[in-house]
Amino acid sequence: MKTNEKIRHLRESHQWTQEDMANRLSMSTQGYAKIERGDTRLNLDRLGQITEAFGIDIMELLSYGEESPIQFNNISNNESVSHTFFSTGQVSDNELQKLHLIISHQTETIESLKRENKLLMEMNELLKQKREPLTD
């Protein structure tokens, strides 16, 4: 099942009209209808808005209607991280690209936080060194 078909099916299972869904996404009904027809390519932000409207995460949407959900392993070797995707259902190239984008963003965020943490620890050490010892 294609992503646009999954979105339509989820909307119908919530008993929402296309207009209801368009309002939830702050877009026109015609624009939303293009999403369900597959005429509009979804970007990560729009996909996030859609999954938020349904109260699910992106992984749930991507695995919705498949025989079994997508599973992925993080294989970490020092600083390099590689990602392997396993699926018994069919996954489109677009869905894999979205997953790669999500993981890439998370990896960048983690690396940024590591750098920030290192800098804060260095600053803390400098402050400890500059502090004058207390004398009576």
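Our subject is the structure listed above.
Description of the structure in this document. This structure is a prediction, so every number in the text was calculated from the model and none was measured.

The rules behind these values
- Residues numbered from 1 in each chain as written.
- Predicted model: local features only at pLDDT ≥ 70, side-chain atom pairs only at ≥ 80, totals over all residues.
- Heavy atoms only, no water.
- Axes fitted to C-alpha atoms, helices over the stretch in contact; angles between N-to-C directions.
- Helix = DSSP H or I, 4+ residues; strand = E, 2+ residues; numbered from the N terminus.
- Parallel < 35°, antiparallel > 145°, perpendicular 65-115°, else oblique.
- Left-handed = near helix turned anticlockwise from the far one by under 90°.
- Contact = heavy atoms within 4.5 Å.
- Nonpolar A, V, L, I, M, F, W, Y, C, P; charged D, E, K, R; others polar.

1. Points about the packing of helix α1 (residues 3-13) against helix α4 (residues 44-54)
Two elements in contact, α1 and α4, have axes whose closest approach is 11 Å; the angle formed by their N-to-C orientations is 25 degrees. Accordingly, the angle class assigned to the pair α1 and α4 is roughly parallel. For the pair α1 and α4, the sense of crossing is left-handed. Two secondary-structure elements touch here, α1 through T3, I7, L10 and R11 and α4 through L47, I50 and F54. Of the residues in the contact of α1 with α4, the class split is five nonpolar, one polar and one charged.

2. Some remarks on the packing of α1 against helix α3 (residues 29-37)
Between α1 and α3, the least distance of the axes is 6 Å, while the angle of their chain directions is 120 degrees. Considering the angle they form, α1 stands oblique to α3. Contact residues: N4, I7, R8 and R11 in α1; Y32, I35, E36 and R37 in α3. For the contact of α1 with α3, a count of residues per class yields three nonpolar, one polar and four charged.

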